[in-house]
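So the chains spell out like this:
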Amino acid sequence: MHVMGGGDVGGAKTHIMNMVTGLNEQNDVMLLSFRAGPFADEARERGIDVRVIERTNPFRAVHAMRDLVDEFKPDIIHCHGGRANLMGAMMRRSRQVPIITTVHSDYRLDYLGNPFKQHTFGTANAIALRFLDFYQPVADRMARTLIERGFDPEQIVKIYNGMEFHKPQGAFDRAAYLRETYGVEIEPGDVLCGIAARLTAVKDIATTVRGFAEALKEAPQLRLFIAGDGEDLEMLQKLAAQLGAADRVTFCGWVSPVEPFFRAMDINLLSSVSETFPYSILEGVCAGCATVCSDVGGMPELIDTGENGYIFQIGDYMQLARYLSKLGNDAGLRQKFADALYEKASRDFSKEKMCERQMENYRHVLARFHTPRDARRGIVICGAYGRGNAGDDAILEAIVQEMRELDPSRPICVMSRRPKETRLVYRTGAIYTFNVFAVLKRFRKAALYINGGGSLMQDVTSTRSIQYYLYTLRAAKRHGCKVMMYGCGIGPINRTMNRDMAARVIDRYVDRITLRDDNSRTELRRMGVLRPDIRVSADPTIILDAAPREMVNVALEQSGIDPNGHYIGFGLRNWKGLDAALPEIAAAATYAYEKHGLTPVFVPIEFPSDLMPAERVGALLKCPWHTIRTRQPIEVTIGILARMTTVVGIRLHSLMFSAGQGVPVVGMSYDIKVDGFLKYIGSRTCLQLQTVRAEELYKLIDECVSGALDEQVRKTAEMLREREQENVRGAAILLGMTTEKD
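Residues numbered from 1 in each chain as written. Predicted model: local features only at pLDDT ≥ 70, side-chain atom pairs only at ≥ 80, totals over all residues. Heavy atoms only, no water.

A few words on the overall build of the chain. When its secondary structure is counted, the chain shows 30 helices and 25 strands. Scaling as 2.2 N^0.38, a compact globule of 742 residues should have a C-alpha radius of gyration of about 27 Å, and the chain matches this with 30 Å. In terms of overall dimensions, the chain has C-alpha extents of about 85 × 65 × 45 Å along its principal axes. Within the chain, the fraction of its 742 residues that count as buried is 58%. Accessible area for the chain stands at about 30,900 Å²; split by element, carbon and sulfur atoms hold 49% of it. Where the 94 positive side-chain charges of the chain centre and where its 91 negative ones centre are 8 Å apart. (Helix = DSSP H or I, 4+ residues; strand = E, 2+ residues; numbered from the N terminus. Rg over C-alpha atoms; globule rule 2.2 N^0.38 Å. Buried < 20%, exposed > 50% of the residue type's maximum accessible area, 1.4 Å probe, protein only. Areas by Shrake-Rupley, 256 points an atom, 1.4 Å probe, with all protein chains shown as cover. Lys, Arg positive; Asp, Glu negative; His and termini not counted. Charge placed at Lys NZ, Arg CZ, Asp CG, Glu CD.)

The structure is reproduced here in structure tokens:
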């Protein structure tokens, strides 16, 4: 059952209509509207079972809605908009049916510019949202906004707008259309820009007018057509006059149908301050327009700036003007963008794709909703997460990815130093690592506890941490969880007390252990750990892919690095022995530049601590060098390392990320885990940090650059990815989803 207010217009109307008509092909769909009118009539004409409840009293309306629910017996009630959300919230507890709402826009901005509606209808909707079961934002950015406002990430499922893509057929005389419809005469050389939106504050049409007026200075052949009406009309007309652009701007009023409007345009514009996934952009794509839009909602997921369109920052009319001028003066670029965006949009954002995603979301929602409250299905993941270390964050991302591939309906909770950040980034539940009461509560509902990756079992950095991690192993087992140590490293554990305690706890309370190197297995044997099922696998981060090429290019350019250059990467960290090694590393970096033409690039893994050794080496260099100075997403960091000809690393994950991408590595070991990894992959390019010498680095760099190691490195990457599957297989066995024989 889809529930709507009935007065929906624009993108929300298009979304709902496309959704219900698409779903109706293979499902029983009822559309409930709280207002009679064109929307309900059109849906009825398209074969949808439409019911209308026209009652202003919300209590009488919800009573009538309950009767319809009892008659139709829906599996899911799907709400759209404030009125529908309020009705759904009022009847939620009286019927055991999951209620999901599509969040078409930022509910705090829906009535921007109208304080009365904002404080009445807007407030009622904001409250009602808190009482629904699941939330379906139309774009990832809206999902982030909901999580930041305290909504449970595990109650959120994304959807993207979709439509039927078909290129317009037949001849079209745009000059005649504009003359007959709007009384406007255009010249043969005119380049037409169009925007279709309500003339309200949230659409920020003023930025479009300002950008257009500025662009006229470089591209006087531009013309602007504004399709829409609203309270900002008079203000916008005055603004166009003040900027001297009135004779090149046409206000078209409300346009329906919109297809011929976009067919007449060369460039489709959007300047909103808030959107989710606007249909006006997709409608322009269908009509063959080039696209320029503000950085809102899911637009970065559709548009790759410089490849198939342009995105500018909200309110930045000067950037908009530059993009308009460029497109206005280059017909070939307009066509290139239009063709590329049509190809991507029709492939990934079609009506069929949207309905497929919607059905997947429904299955997910039903599985979650009907899981018994006392069922042990959850997974708790613990590690050194939430401290800003890209290696640890990558481990978490990989484990979460693998657990969701196993069973997307299982709730996941992460023990993190920064639970708010973890919820936002990984879309999981999260609790503070050392909140013992919250941890124990989660253990009581979990099926599996994962002590996740990295070198948690060591006492070099802290005795308290190993004791706490051992406590969690014991507590999880005693509270009924299966317990797994997942793709981890062991040691060094130097203190006798810690070593004995670790051996006892691991041997008694852990069901399965997967290790990222052979040294760790040897260490467990020395400790006397024999009972758990122990397998050698690989670090979970090996499964992560690099970010798309264009995204990596942008990150490099923002750091002043030419994406097409040739580089040697360095992954450094502060550690005892680094001071003596600094001049040796600097000499090797200079050598790589002078002999092989490789410019040094320092790629920090942990921010901001890794910036200091990078700066210290940089100060000794006699050649150009670069540093990635801002924290990047994990996939981008991997993508940057993948661009290096070779990588010299102290940080273990700088070596792991690079090796996983097939890049030759040179290790400077400060810890047994670095030796263990390089030994595990069969590398002979490892030196000890405390005794490293420039001449040794020269030889290893020469060997890496020569190509002599390329085949070995390729096979290593394949081997690591294959062996990593032992991690997820072990988790599946403990969850009862497979057996040892499978």
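Right, picking up where we left off after that structure.
To continue, consider the pattern of salt bridges. The tally for this structure, following the rule as stated, stands at 43 salt bridges. Each of the salt bridges in this network shares a partner with another, and the network as a whole consists of Arg-512, Asp-533, Arg-535, Glu-726 and Arg-729. (Salt bridge = Lys/Arg side-chain N within 4 Å of Asp/Glu carboxyl O.)

For the rest of this paragraph, the subject is helix 26 (residues 634–642). The element helix 26 is extensively covered by neighbouring structure, given that seven of its nine residues are classed as buried. Three or more residues of helix 26 are buried, namely Ile-634, Val-636, Thr-637, Ile-638, Gly-639, Ile-640 and Leu-641. Packing partners of the buried residues in helix 26 comprise helix 17 (390–406), helix 18 (419–426), helix 23 (549–558), strand 23 (646–649) and helix 27 (652–660). (Contact = heavy atoms within 4.5 Å.)

Counting buried positions over the 12 residues of strand 16 (residues 446–457) gives 12, a clear majority of the element. Here strand 16 pairs with strand 17 (residues 482–490) via seven bridges, running parallel. Considered in strand 17, the bridge of Ile-450 is made with Met-484. Remark: the strand 16/helix 20 (residues 463–478)/strand 17 crossover connection has right-handed handedness. (Pairing = 2+ DSSP bridges. Right-handed = clockwise from strand over helix to strand, strands pointing away.)

Quick look at the pairing of strand 10 (residues 267–270) now. Side chains Ile-267 and Leu-269 of strand 10 all project onto a buried face; the interleaved residues Asn-268 and Leu-270 project onto the opposite face, where all are buried too. With two bridges connecting them, strand 7 (residues 191–196) and strand 10 associate as parallel partners. In the sheet register, Gly-194 faces strand 10, and the bridge partner there is Asn-268. Looking at chain direction, strand 10 and strand 11 (residues 290–294) are connected through four bridges and run parallel. The residue of strand 11 that forms the bridge with Leu-270 is Cys-293. For the segment spanning strand 10, helix 12 (residues 279–286) and strand 11, crossover handedness is right-handed.

This part takes up the environment of Val-209. Topologically, Val-209 is positioned in helix 9 (residues 205–215). Ignoring sequence-local partners within four residues, the contact set of Val-209 consists of Leu-224, Ile-226, Leu-236, Leu-239, Ala-240 and Leu-243.

Summed over the entire model, instances satisfying the criterion amount to three cavities of 30 Å³ or more. Its boundaries defined by the atoms lining it, the largest cavity holds a volume of some 120 Å³. For the largest cavity, the lining is made up of 13 residues, of which Val-665, Ile-681, Ser-683, Gln-712 and Val-713 are closest to its centre. If one sorts the elements of the lining of the largest cavity by residue count, helix 30 (residues 710–734) sits on top with three residues. Across the lining of the largest cavity, the residue classes break down as eight nonpolar, four polar and one charged. Of the pockets and cavities examined, the second largest cavity occupies roughly 50 Å³. Ser-455, Gly-489, Ile-490, Gly-491, Asp-517, Asn-519, Ser-520, Ile-672 and Lys-673 are the residues that line the second largest cavity. Tallied by class, the residues present in the lining of the second largest cavity amount to two nonpolar, five polar and two charged. (1 Å grid on protein atoms, 1.4 Å probe; cavity = no way out; pocket = protein on both sides within 12 Å on 5 of 7 lines; lining within 4 Å. Points joined across faces, edges and corners; volume = space filled by probe spheres on them. Nonpolar A, V, L, I, M, F, W, Y, C, P; charged D, E, K, R; others polar.)

As a further point, take the packing of aromatic side chains. Aromatic ring pairs are reported here in terms of the distance separating the ring centres and the angle at which the planes meet. Tallied over the entire structure, the rule returns 19 aromatic pairs. On the basis of an interplanar angle of 55° and a centroid distance of 6.5 Å, the ring pair of Tyr-468 and Tyr-469 is categorised as tilted. Residue Tyr-468 shares its accessibility class with Tyr-469, and that shared class is buried. Aromatic ring contacts, followed pair by pair, group Tyr-432, Phe-434, Tyr-468, Tyr-469 and Tyr-471 into a single cluster. The ring of Phe-151 has Arg-130 lying over it, and the distance from NZ or CZ to the ring centre is 4.0 Å. When the ring centre of Tyr-107 is taken as origin, the NZ or CZ atom of Arg-149, which lies over that ring, is 5.1 Å away. (Phe/Tyr/Trp six-rings, centres within 6.5 Å; stacked < 30°, edge-to-face > 60°. Lys NZ or Arg CZ within 6 Å of the ring centre and 35° of its normal.)

Looking now at the state of the cysteines. Taken as a whole and assessed by the stated rule, the structure comprises zero disulfides. Cys-252 takes part in no disulfide bond, and the closest cysteine sulfur, belonging to Cys-193, lies 12 Å away. Of the residues examined, Cys-252 reaches a relative accessible area of 12% and is grouped as buried. Looking at the unpaired Cys-481, the closest cysteine sulfur is the one in Cys-413, lying at 11 Å. Given the relative accessible area of 2%, Cys-481 is considered buried. (Disulfide = S-S within 2.5 Å.)

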